[in-house]
Amino acid sequence: MSATAPVRVRRAYDPVEDDDGTRVLIDRLWPRGVSKEKAAIDVWLKDITPSDDLRSWYHHDREARHEEFVERYRAELDDRTHTEAVERLVSLMGEGGPVTLITAAKDVDESHVPVLVGHLEHLGKRKAH
């Protein structure tokens, strides 16, 4: 992954775009009401998502727990389970074509997605130096 490669994010309910490239679902659960054909998912990385315990804890009070959620998910991204999924995603991104991260999150900005994108950007900057 190069430091300049943009990370694309789209919701699973948005139409597929011609320039999406490899579409990677980054949610633990399949998007409700979306067929496999309509979603056009190439790779599903369930293990890149926050753990069930962290996700459940965060959903009980998103507003008050957001900052701690970010810190805890960042830590999870460095554990063995998540590292394999992150390495797979970085590998896909290094293949040269566009990669689009797909999520069903209603509020993408308050979900795990910005934390993951930041993690990927950090990895890209480390590799660039």
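What this report covers is the structure whose coordinates are included nearby.

Notes on the overall build of the protein
For step 1, the next point in the chain: Broken down by element type, the protein carries 5 helices and 4 strands.
For step 2, the next point in the chain: Relative to the globule expectation of 14 Å for 129 residues, the C-alpha radius of gyration of the protein, 14 Å, shows essentially globular dimensions.
For step 3, the next point in the chain: On the principal axes, the C-alpha backbone points of the protein span a range of 40 × 40 × 25 Å.
For step 4, the next point in the chain: In the protein, which comprises 129 residues, the proportion classed as buried is 40%.
For step 5, the next point in the chain: If you take every contact in the protein between residues at least 6 apart in sequence, the share linking residues at least 24 apart comes to 62%.

What to know about the environment of Tyr-73
For step 1, the next point in the chain: Position of Tyr-73 among the secondary structure elements: in helix H3 (residues 62-77).
For step 2, the next point in the chain: Residue classification places Tyr-73 among the buried positions, given a relative accessible area of 0%.
For step 3, the next point in the chain: The spacing of Tyr-73 and Pro-50 is 23 residues in sequence and 6.0 Å in space, taken between C-alpha atoms.
For step 4, the next point in the chain: Of note is the side chain of Tyr-73, whose polar atom sits 2.4 Å from the backbone oxygen of Ile-48.

A short note on the sheet that holds strand E3 (residues 43-44)
One key point about sheets: their strands pair by backbone hydrogen bonds, in either a parallel or an antiparallel sense.
For step 1, the next point in the chain: An order of E1-E4-E2-E3 is seen for the 4 strands of this open sheet, with the pairing classed as parallel. Each of the sheet's edge strands pairs with one partner strand only, and the pair in question is strand E1 (8-11) and E3.
For step 2, the next point in the chain: As judged from the 2 bridges shared by strand E2 (residues 22-25) and E3, these two strands associate in the parallel manner. Looking at E3, one finds that Val-24 is bridged to Val-43.
For step 3, the next point in the chain: The sheet strands contacting helix H4 (residues 80-93) are E2, E3 and strand E4 (99-103), and the helix crosses E4 at an angle near 140°.

Quick notes on the environment of Ser-111
For step 1, the next point in the chain: Along the chain, Ser-111 turns up in the loop between E4 and helix H5 (113-128).
For step 2, the next point in the chain: Through-space distance from the C-alpha of Ser-111 to that of Trp-30 is 16 Å; in sequence the pair is 81 residues apart.
For step 3, the next point in the chain: Setting aside its immediate chain neighbours within four residues, Ser-111 contacts Phe-69 and Ala-105.
For step 4, the next point in the chain: At 2.7 Å, the side chain of Ser-111 and the backbone oxygen of Val-108 are in polar contact.

Side note on the packing of H3 against H4
For step 1, the next point in the chain: Following both chains from N to C, one finds H3 and H4 inclined at 75°, their axes separated by 7 Å at the closest point. One way to sum up the angle between H3 and H4 is to call them roughly perpendicular. Along its contact with H3, which presents Tyr-73, Glu-76 and Leu-77, the element H4 presents His-82, Thr-83 and Val-86.
For step 2, the next point in the chain: Of the residues belonging to the contact of H3 with H4, the class tally is 3 nonpolar, 2 polar and 1 charged.

What to know about the layout of surface pockets
For step 1, the next point in the chain: As a volume, the largest pocket reaches approximately 650 Å³.
For step 2, the next point in the chain: Lining the largest pocket are 23 residues; nearest its centre among them are Asp-27, His-59, Arg-62, Ala-104 and Ala-105.
For step 3, the next point in the chain: Split by residue class, the lining of the largest pocket holds 9 nonpolar, 5 polar and 9 charged.

What counts and what doesn't
- Residues numbered from 1 in each chain as written.
- Predicted model: local features only at pLDDT ≥ 70, side-chain atom pairs only at ≥ 80, totals over all residues.
- Heavy atoms only, no water.
- Helix = DSSP H or I, 4+ residues; strand = E, 2+ residues; numbered from the N terminus.
- Rg over C-alpha atoms; globule rule 2.2 N^0.38 Å.
- Buried < 20%, exposed > 50% of the residue type's maximum accessible area, 1.4 Å probe, protein only.
- Contact = heavy atoms within 4.5 Å.
- Polar contact = N/O pair within 3.5 Å; in protein donor to acceptor, adjacent residues only side chain to side chain.
- Pairing = 2+ DSSP bridges.
- Axes fitted to C-alpha atoms, helices over the stretch in contact; angles between N-to-C directions.
- Parallel < 35°, antiparallel > 145°, perpendicular 65-115°, else oblique.
- Nonpolar A, V, L, I, M, F, W, Y, C, P; charged D, E, K, R; others polar.
- 1 Å grid on protein atoms, 1.4 Å probe; cavity = no way out; pocket = protein on both sides within 12 Å on 5 of 7 lines; lining within 4 Å.
- Points joined across faces, edges and corners; volume = space filled by probe spheres on them.

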